[in-house]
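Chain by chain, the residues run as shown.
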Amino acid sequence: MAQINPSILSADFARLAEEAKAVEGADWLHVDVMDNHFVPNLTLGVPVVEALGRATDTPLDCHLMIEDADRWAPQYVEAGAGSVTFHVEAAAAPVRLAREIRAKGARASMALKPATPVEPYEDLLPELDMLLIMTVEPGFGGQSFLDIMLPKIRRTRELIRKHGLELWLQVDGGVSATTIERCAEAGADVFVAGSAVYGAGDPAEAVRGLRAQADAATAAASWACGH
Ligand SMILES: O=C(CO)[C@@H](O)[C@H](O)COP(=O)(O)O
Ligand SMILES: [Fe+2]
């Protein structure tokens, strides 16, 4: 089944606990950590992740858009994240870092900016629990989905099949009722949605609607039915 991860970046930061509770029923709560260096925006850090963990039973999916990921990512596992995503562009030793995240008890995930190809990392994929393909330039919510990322999603799904991996394939940026079916058809199975969830009148209902769309598109997709 498709997983839908609402991005807290699009929520009201003055009411973070309520906003986290508003999407209970989602698979994960996506938490965008930005340091104003790796991306030109500054959001939140370890203390807020710890507080979110106390505010909701939904597991936390931390997307670190920060420099020096090798140094900081393990702290997000200690803060309670169930999944920690670092950007390969910001990691000096991605294999060592993925192993450290797993050893500390979280799922290890690696993200690729739009201009970063997946092929150089083919041999690293078994070290990961999830690969995140950015479908916008990281830094801000509410941007338009980059259709030019669909071939990369397809090629990654093919690599997962070729190696027989249990790797989740996440997409993040501009995912909405208009674009989620394209992502699912191409091979994504974990969908981050910020403005499409928190901009809706009923965020929990938006999650259910996106999941139904993604499930239907996946069921019809060649990658999922083996032909
Ligand atoms: O990581 C990021 C942005 O850098 C995302 O998680 C956005 O927060 C998603 O927001 P929408 O594009 O869905 O509004
Ligand atoms: Fe994100």
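About the criteria used
- Residues numbered from 1 in each chain as written.
- Chains lettered and ligands numbered in written order.
- Predicted model: local features only at pLDDT ≥ 70, side-chain atom pairs only at ≥ 80, totals over all residues.
- UniProt positions renumbered as here; feature names shortened; annotations may be inferred.
- Helix = DSSP H or I, 4+ residues; strand = E, 2+ residues; numbered from the N terminus.
- Contact = placed C-beta atoms within 7 Å.
- Buried ≥ 20, exposed ≤ 12 C-beta atoms within 10 Å, placed from the backbone.
- pLDDT = per-residue confidence, 0-100.
- Core = buried A, V, L, I, M, F, W, Y, C linked by C-beta atoms within 7 Å.
- Axes fitted to C-alpha atoms, helices over the stretch in contact; angles between N-to-C directions.
- Parallel < 35°, antiparallel > 145°, perpendicular 65-115°, else oblique.
- Left-handed = near helix turned anticlockwise from the far one by under 90°.
- Near = placed C-beta within 6 Å.
- Nonpolar A, V, L, I, M, F, W, Y, C, P; charged D, E, K, R; others polar.

Caption draft 1: Structural view of the UniProt feature "active site" (unreviewed entry) in the chain. In this structure's numbering, the residues bearing the UniProt feature "active site" (unreviewed entry) are Asp 32 and Asp 172. Annotated residues spanning 141 residues; largest pairwise C-alpha distance 10.6 Å, indicating a single compact cluster. Tracing the chain through its elements places Asp 32 in strand E2 (residues 29–34). Once residues lying within four places of it in the same chain are set aside, the contact partners of Asp 32 are Ser 7, Leu 9, Thr 43, His 63 and Met 65. You can see Asp 172 is positioned in strand E7 (residues 168–172). Among the residues examined, Asp 172 registers 27 C-beta atoms within 10 Å and is labelled buried. Among all residues touching Asp 172, those that are not within four sequence positions of it are His 63, Leu 132, Met 134, Thr 135 and Val 192.

Caption draft 2: View of the confidence of the model for the chain. This prediction gives the chain a mean pLDDT of 98; 99% of its residues lie at or above 70. Both scores are available for the predicted complex, with the pTM at 0.98 and the ipTM at 0.99.

Caption draft 3: Layout of the nonpolar core. If you look at the biggest cluster of nonpolar residues, it comprises 71 residues, and the most contacted ones within it are Leu 64, Val 84, Phe 86 and Phe 191. Per element, the largest residue contribution to this core is five residues, and it comes from strand E6 (residues 130–134). Setting aside its immediate chain neighbours within four residues, Phe 191 contacts Ala 2, Gln 3, Ile 4, Asn 5, Val 171, Val 175, Ile 180, Cys 183, Leu 210 and Ala 214.

Caption draft 4: How the structure looks around the environment of Ala 200. For Ala 200, the position within the fold is in the loop between helix H7 (195–198) and helix H8 (203–219). Those residues in contact with Ala 200 that lie beyond four places of it in its chain are Glu 205 and Ala 206.

Caption draft 5: Inspection of the UniProt feature "binding site: substrate" (unreviewed entry) in the chain at higher detail. When the UniProt feature table is mapped to this numbering, "binding site: substrate" (unreviewed entry) covers Ser 7, His 63, Gly 139, Phe 140, Gly 141, Gly 142, Asp 172, Gly 173, Gly 174, Gly 194 and Ser 195. As for its position among the elements, Phe 140 is in the loop between E6 and helix H5 (150–163). Relative to the elements of secondary structure, Ser 195 occurs in helix H7. In this structure Ser 195 comes out as partly exposed when scored by C-beta crowding, with 16 C-beta atoms within 10 Å. Aside from chain neighbours lying at most four places away, what touches Ser 195 is Ser 10, Gly 141 and Gly 142.

Caption draft 6: Geometry of the packing of helix H3 (residues 69–78) against helix H4 (residues 94–103). Packing of H3 against H4 brings their axes to within 9 Å, and their N-to-C directions diverge by 15 degrees. Classed by the angle they form, the pair H3 and H4 counts as roughly parallel. Judged by the twist between their axes, the crossing of H3 over H4 is right-handed. Here H3 contributes Ala 69, Asp 70, Ala 73, Pro 74 and Val 77 to the contact with H4, which in turn contributes Leu 97, Glu 100 and Ile 101.

Caption draft 7: Looking closely at the site of ligand 1. Of all residues adjacent to ligand 1, which total 23 residues, the nearest are Leu 9, Pro 138, Gly 141, Gly 194 and Ser 195. Those elements giving two or more residues to the shell around ligand 1 turn out to be E2, strand E3 (60–65), strand E8 (190–193) and H7. Here the shell around ligand 1 is composed, by residue class, of nine nonpolar, twelve polar and two charged.

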